[in-house]
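Structural description and commentary
Residues per chain are reported as follows:
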Amino acid sequence: VIVSYSADDFGSFGYLRHWAAGKHAKGATRPVYNWENNNYVGEIEEAPETYNVIGNMNEYQLTITETTFGGRAELVDSTGLLDYGSLIYITLQRAKTAKEAIGVMTDLIDKYGYNSEGESFTIADKNEAWVMDLIGKGTGRKGAVWVAVRVPDDCICAHANQSRIRRFPLRDKENCLYSKDVISFAREKGYFKGKKDSDFSFADAYAPADFSALRFCEARVWSFFNRYVDGMEKYLPYASGENPQAEPMPLFVKPNRLLSVQDVKDMMRDHYEGTPLDISKDFGAGPYHTPYRLSPLSFKVNGQEYFNERPISTQQSGFVFVSQMRSTMPDAIGGVLWFGTDDANMTVFTPVYCCTDKVPVCYSRVDGADYITFSWNSSFWIFNWVANMVYPRYDLMIGDVRASQSEMETTFNDAQEGIESAASKLYSKDPARAKEFLTNYTNMTAQSTLDTWKRLGEF
């Protein structure tokens, strides 16, 4: 199972979070901090046992990510305690499987309230992947309405800031779970007036798509699918926003070949290359074909409104990762979070094993680094430093970036089998030593990548 994620948030500082495993006394509580602004919001009951979490993966290879679709603004509950980020990281500390995580997340929301906009979550373990669309019920009403759909084993799914679950099976608990009031609440609010529940569409009821949702969000999904699925041209009128009434894309599609972890890393670098939306070919690309644009996406000239494309890879990323989960190995070895700071196009993905209990210095807030405090020892700052030199002379310099990037990622990929073979031998005799070995390897590869990128920046 493979999951990718890009934390696209202008002004965010990319670093690797860690929560140590622990056991807790009955009646213990834990603080909750809003993920986006780190403000303390209150206390919730602590679980008797919590698991090791590194980034967005825990020691049982469970990965949870998100994408904000917003949806109907009146459904945000400003009195809720949990935002989408704290919900993710608290759940990672409490669940072992994707299905268990869905239960933990929705139970927490029912008990403590949810104060974010509508979210799509990817929830995956070593055996299966689910997508869950969720939105609150408005101020003063705890809980949320939601639906979760399992992605078939032979398919790929993508979502990018727009709700994508439409109709769903009402009697298939193996592959679809949903809140008991997901349809009745929509009827109550007037979002759905159909005669049959089977005609209900979550996305149409709770997050009806406008031009921005299509061109800036669905188009990125189309580009991902288009790379690996035949016949996606028929969905371009919908994804481009030219015809909102055209046939929408399915939630998941079957690729024309098996995808590797490296395929997914490379896809996260996409700027619509080779498609009608190719951002490196339009007027804004300039003489050096730069596939990056300043915010905001839309602007006016002489009273006429224009817009730039919004590709998968954008300079606004704080960090990005591709998680790899394998049921054929012990959890400590099977789960790898391939992590990088800045956007996928400009970073190097290094292996972070899910048993890691020591964050690499360069992936921390070293020297007090944050989004406005520079440090030569921070991967976030070194990768942004190099990227900012490349942006204005892109096609003259991106070749040097690609060469270093490819060399390091190929080295890590080629070394993976040997590293994991050695770790497996250790694990059979002494699991603790195996985890220490993989933690040290995680730290070494992160630091060596930082050092290499510094030399590239000097060059």
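Residues numbered from 1 in each chain as written. Predicted model: local features only at pLDDT ≥ 70, side-chain atom pairs only at ≥ 80, totals over all residues. Heavy atoms only, no water.

1. A short note on the pattern of salt bridges
Inspection of every chain in the model, using the stated rule, returns 21 salt bridges. Salt-bridge contacts for D154 lead to K254; the nearest nitrogen and oxygen are separated by 3.7 Å. Note that D154 is positioned in the loop between β12 (144–151) and β13 (156–157) and K254 in the loop between β15 (252–253) and α7 (261–267), a separation of 100 residues in sequence. Taking the relative accessible area as the measure of exposure, D154 reaches 41% and is therefore partly exposed. Linking D266 and R269 is a salt bridge whose minimum nitrogen-to-oxygen distance equals 2.9 Å. Taken together, the shared-partner salt bridges connect E128, R150 and D153 into one network. (Salt bridge = Lys/Arg side-chain N within 4 Å of Asp/Glu carboxyl O. Helix = DSSP H or I, 4+ residues; strand = E, 2+ residues; numbered from the N terminus. Buried < 20%, exposed > 50% of the residue type's maximum accessible area, 1.4 Å probe, protein only.)

2. Thoughts on helix α10 (residues 394–429)
Taking 1.5 Å as the rise per residue, α10 with 36 residues should run 52 Å; its terminal C-alpha atoms sit 50 Å apart, in good agreement. For α10, the principal kink sits at Q416 and spans about 40°. (Expected span 1.5 Å × (residues − 1). Bend = angle between axes of the 7 residues up to and from the residue.)

3. Side note on the pairing of strand β19 (residues 336–341)
The two faces of the sheet receive side chains in turn, since in a regular strand these alternate between them. With 6 of 6 residues buried, β19 lies mostly within the body of the structure. Because side chains alternate across β19, one face comprises the buried residues V336, W338 and G340, and the other comprises L337, F339 and T341, equally buried. Looking at chain direction, strand β18 (residues 317–324) and β19 are connected through 6 bridges and run antiparallel. In the sheet register, S323 faces β19, and the bridge partner there is L337. Relative to strand β20 (residues 350–353), β19 runs antiparallel, the two being bridged by 4 bridges. Following the sheet pairing, L337 is matched in β20 by V352. (Pairing = 2+ DSSP bridges.)

4. As for the environment of I156
On the secondary structure map, I156 appears in strand β13. Setting aside its immediate chain neighbours within four residues, I156 contacts F225, Y228, F252, V253, P255 and L259. (Contact = heavy atoms within 4.5 Å.)

5. Observations regarding the packing of aromatic side chains
Two numbers describe a pair of aromatic rings. These are the distance of the centres and the angle of the planes. All told, the structure shown has 30 aromatic pairs when counted by the stated rule. Residues F380 and W381 carry aromatic rings whose centres are separated by 5.5 Å and whose planes lie at 85° to one another, so their mutual orientation is edge-to-face. For the ring pair F383 and W453, a centre distance of 4.8 Å and an interplane angle of 25° mean the geometry is stacked. In this pair, F383 is assigned in helix α9 (residues 379–390) and W453 in helix α11 (residues 431–458), connecting sequence segments 70 residues apart. Comparing F383 with W453, the two get one shared label, buried. Across from the ring centre of W338, 3.6 Å away, lies the NZ or CZ of K265, which sits over that ring. (Phe/Tyr/Trp six-rings, centres within 6.5 Å; stacked < 30°, edge-to-face > 60°. Lys NZ or Arg CZ within 6 Å of the ring centre and 35° of its normal.)

6. Re the sheet that holds β19
If you trace the 4 strands from one edge of the open sheet to the other, you get β1-β18-β19-β20, paired in antiparallel fashion. Because the sheet does not close on itself, it has two edges, and the strands there are β1 (2–8) and β20. Ignoring which end each strand starts from, the neighbouring axes of this sheet average 25° apart. (Axes fitted to C-alpha atoms, helices over the stretch in contact; angles between N-to-C directions.)

7. Some thoughts on the side chain of R30
Looking at where R30 falls in the secondary structure, it is placed in strand β4 (residues 29–33). One buried charge, R30, has no salt-bridge partner; the nearest side chain with opposite charge is E46, at 4.5 Å. In contact with R30, other than residues within four places in its own chain, are G42, E43, I44, E46, I90, Q93 and R94. (Lys, Arg positive; Asp, Glu negative; His and termini not counted.)

8. Topic: the nonpolar core
By size, the foremost hydrophobic cluster in this structure holds 128 residues, and its most contacted members are F121, I123, F200 and Y206. Look past the residues within four positions of F200 in its chain and what remains in contact with it is R166, R167, F168, V182, I183, A186, F192, A205 and Y206. In this structure, F13, Y15, A369 and F380 belong to the second largest nonpolar core, which totals 5 residues. (Core = buried A, V, L, I, M, F, W, Y, C linked by side-chain atoms within 4.5 Å.)

9. Some remarks on the pairing of strand β11 (residues 129–136)
Where burial is concerned, most of β11 is hidden: 8 out of the 8 residues are buried. In β11, alternate side chains face the same way, and those of A129, V131, D133 and I135 on one face and W130, M132, L134 and G136 on the other are all buried. Direction of pairing for strand β10 (residues 118–124) relative to β11: antiparallel, over a ladder of 6 bridges. Within β11, the residue paired with I123 across the bridge is W130. Between the antiparallel neighbours β10 and β11 lie 4 residues.

10. What about the packing of helix α1 (residues 84–92) against helix α2 (residues 98–112)?
Between α1 and α2, the shortest axis-to-axis distance is 10 Å and the interhelical angle comes to 130°. Judged on the interaxial angle alone, α2 and α1 are oblique. Between α1 and α2 lies a crossing of right-handed hand. Facing L87, I90 and T91 of α1, the residues of α2 in contact are A101, V104, M105, L108 and I109. Tallied by class, residues from the contact of α1 with α2 come to 7 nonpolar, 1 polar and no charged. (Parallel < 35°, antiparallel > 145°, perpendicular 65-115°, else oblique. Left-handed = near helix turned anticlockwise from the far one by under 90°. Nonpolar A, V, L, I, M, F, W, Y, C, P; charged D, E, K, R; others polar.)

11. Digging into the environment of L170
Position of L170 relative to the elements: it lies in the loop between β13 and β14 (176–178). It is 26 Å that separates the C-alpha atoms of L170 and A213, two residues lying 43 residues apart in sequence. Residues within four places of L170 in sequence aside, it is in contact with Y178, I183, D197 and S198.

12. As for the environment of T350
With respect to the helices and strands, T350 occurs in strand β20. Put simply, T350 and L337 are 13 residues apart on the chain and 8.1 Å apart in space, counted from C-alpha to C-alpha. Among the polar contacts listed, one links the side chain of T350 to the side chain of Y363, at a separation of 2.8 Å. (Polar contact = N/O pair within 3.5 Å; in protein donor to acceptor, adjacent residues only side chain to side chain.)

13. Considerations on the state of the cysteines
Per the counting criterion, the structure on display carries 0 disulfides. Summary of cysteine pairing: C157 is not part of a disulfide, and the nearest cysteine sulfur, belonging to C155, is at 9.1 Å. In this model C354 remains outside any disulfide bridge; the closest cysteine sulfur is found in C355, 5.9 Å from its own. Of the residues examined, C354 reaches a relative accessible area of 0% and is grouped as buried. (Disulfide = S-S within 2.5 Å.)

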